[in-house]
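Each chain, written out:
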Amino acid sequence: MTASQGAASRTALNAERRAAELDTLAAGEHVDVLVIGGGITGAGIALDAATRGLRVALVEKHDLAFGTSRWSSKLVHGGLRYLATGNVGIARRSAVERGILMGRNAPHLVKAMPQLVPLLPSMNRASRALIRTGFLAGDGLRKLAGTSAATLPRSRRIDAARAVAMAPTVRTDGLEGGFLAYDGQLVDDARLVVAVARTAAQHGARILTRVSADHATEESVRLTDHRTGSSFDVRARVVINAAGVWAGQVDPTIRLRPSRGTHLVFDAAAFGNPTAALTIPIPGELNRFVFAMPEQLGRIYLGLTDEDAPGPIPDVPQATPAEISFLLDTVNTALATTLTPADVRGTYAGLRPLIDAGEGRTADLSREHAVVESPDGVLSVVGGKLTEYRYMAEDVLDRAVALRGLDAGECRTRNLPLVGAPANPVTTLRAQVELPGSLVARYGAEAHNVIAQATCARPVEPVADGIDVTRAEFEYAVTHEGAMTVDDILDRRTRIGLVTEDRERALAAATEVLARIG
């Protein structure tokens, strides 16, 4: 095995590695840090701990990015909304973390997204001034965070012709151009989770999906392997609850107030194949917008809502008819054509794990995170937002090191390239074929590995007509990204499953690769 192949194997998550690492834990191996939850926060904690030299295991009862982490708007926000509400701290941190992701951690997964606010007759002078002032403040945040205008261009006003060119279905009667600003956009949020988890594995963390955690205390957890049914106890110097909206199931003293954010999925053609995210102010709101965002697989995601979601936490939240109507009604105020429910190809909804602050709208609740310790000694990190996952991980690890006296180095994640980033040493193999652009967009510098290591026939062939996901990507999901089921492949390693018809057409290819490899 060459050095590069050895580096690649250290990042590979698959059934064989999972079984071996579970056997080691069941045999009595202790860990320094045991993380409960395989979303972006849990994966970030595992990476931070592993790169500090700690022995780490992460357990997730379902799959990586199973919960809220795959249901976001796919944005790496610069914090402008929080600046508008006077929360300067979270606004500045968001801008800093956005810059870290775009410039160092994951430049292959986070790109600049143009956001176009059309200047229509319905927008009064005060609203225009407020939006323009906000965009200028966003430029200031970008500069304060040290992110260059080459990475995120400055905001500006554009004329009507340019606005129509970027968003072809925008209403043109009375259009006076638009305000154009830029924010960070993820190729996919679930792919970020997988990249962070695999980078944690690269540095020695054990990433164990389909393993539930019960009876968590300050220094032990009962683990159950859902594939075999076997259970055993693991000792740890610190147990960290990063279960997101399910955190209260690990620590019943935690009180969260889930908020549902819903998105609709369209064909890009329904919006004229735009190159900018059409950004429409919500009537009656000062700092909330609906976004129609160009996404991978030729889709537009339209979102999002912010609604109370009381009651039991579902595994897969559902969009409500009222939310679908609200999003359609809002976006139609800015379109020359009218979108109807018949144009909607799919929907998705996620639950924000907001800290319960009592009364008030969920839209007005703080997005700050908190680190709390349960009566049983479990550390929990709750609240927060995807953009700040790295900062949240650093915060809870610093607390754990101080409380438990762990022998750990300083946090290294600020300058650490993830798997797929050009500076990560895994990305050294070369495929002997031309790579599809869509593959490179999803895998970055690792795209060559996906093809070069494929054993399937016709590796660069699409999994189905009209879907720009290759057969090699399905195989790589199983051999390197921990996918164990058809759902893992279609709904999280790729986002084919967001459109039912696409899911049905790609099902045979996913089933075939699992039968051959899984």
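Going by the annotation in an unreviewed UniProt entry, the name recorded for the protein is Glycerol-3-phosphate dehydrogenase, with Mycolicibacterium smegmatis given as the source organism. As stated in UniProt under Sequence similarities (unreviewed entry), the record for the protein gives "Belongs to the FAD-dependent glycerol-3-phosphate dehydrogenase family." Annotation of the protein in UniProt includes, under Catalytic activity (unreviewed entry), the sentence "a quinone + sn-glycerol 3-phosphate = dihydroxyacetone phosphate + a quinol".

Counting buried residues in strand β6 (residues 178-186) gives nine out of nine residues, a clear majority hidden from the surface. Alignment of strand β3 (residues 75-76) against β6, held across two bridges, turns out to be antiparallel. Each bridged residue has a counterpart across the sheet, and for Leu75 the counterpart in β6 is Gln185. Pairing between strand β4 (residues 110-118) and β6: nine bridges, direction antiparallel. Looking at the pairing, Met113 lines up with Asp183 of β6. Relative to β6, strand β5 (residues 156-158) runs antiparallel, the two sharing three bridges. Along β6, the bridge assignment pairs Arg156 with Leu180.

Relative to the assigned elements, Gly284 resides in the loop between β12 (277-281) and β13 (289-295). Here Gly284 falls in the exposed class, since its relative accessible area comes to 85%. As a C-alpha pair, Gly284 and Thr11 span 273 residues in sequence and 48 Å in three-dimensional space.

Over its 12 residues, helix α3 (residues 40-51) runs 16 Å from end to end, which matches the ideal 16 Å to within 8%, given 1.5 Å per residue. Turning to α3, its buried residues are Ile40, Thr41, Gly42, Ala43, Gly44, Ile45, Ala46, Leu47, Asp48, Ala49, Ala50 and Thr51. Once α3 finishes, Gly53 follows within two positions and takes phi at roughly 90°, a positive value.

Now for the packing of aromatic side chains. What the rule picks out here adds up to five aromatic pairs. Ring plane angle 80° and centroid distance 5.4 Å describe the contact between Phe266 and Phe271, whose orientation is recorded as edge-to-face. The exposure class of Phe266 is buried, given its relative accessible area of 0%. Centre to centre, the rings of Phe289 and Phe291 are 6.3 Å apart; their planes meet at 45°, and the pair counts as tilted. Here Phe291 falls in the buried class, since its relative accessible area comes to 11%. A connected cluster of aromatic rings, assembled from ring pairs, spans Trp71, Tyr301 and Tyr348. Between the NZ or CZ atom of Arg70 and the centre of the ring of Phe66, over which it lies, the distance is 5.1 Å. The positively charged end of Arg191 is found above the aromatic ring belonging to Tyr443, 4.2 Å away from the centroid.

On average, residues of the protein score 93 in pLDDT, and 95% of them reach the 70 mark or higher. Low pLDDT, under 50, characterises residues 1-5; the stretch is placed with four contacts to residues that sit more than four places away or in other chains.

This part covers the side chain of Ser72. Assignment of secondary structure puts Ser72 in the loop between β2 (56-60) and β3. In this structure the side chain of Ser72 is engaged in a polar contact, spanning 3.0 Å, whose partner is the backbone nitrogen of Lys74. Excluding anything up to four places from it in sequence, Ser72 contacts Asp189, His263, Tyr348 and Leu386.

Rules behind the numbers
- Residues numbered from 1 in each chain as written.
- Predicted model: local features only at pLDDT ≥ 70, side-chain atom pairs only at ≥ 80, totals over all residues.
- Heavy atoms only, no water.
- UniProt positions renumbered as here; feature names shortened; annotations may be inferred.
- Buried < 20%, exposed > 50% of the residue type's maximum accessible area, 1.4 Å probe, protein only.
- Helix = DSSP H or I, 4+ residues; strand = E, 2+ residues; numbered from the N terminus.
- Pairing = 2+ DSSP bridges.
- Expected span 1.5 Å × (residues − 1).
- Phe/Tyr/Trp six-rings, centres within 6.5 Å; stacked < 30°, edge-to-face > 60°.
- Lys NZ or Arg CZ within 6 Å of the ring centre and 35° of its normal.
- pLDDT = per-residue confidence, 0-100.
- Contact = heavy atoms within 4.5 Å.
- Polar contact = N/O pair within 3.5 Å; in protein donor to acceptor, adjacent residues only side chain to side chain.

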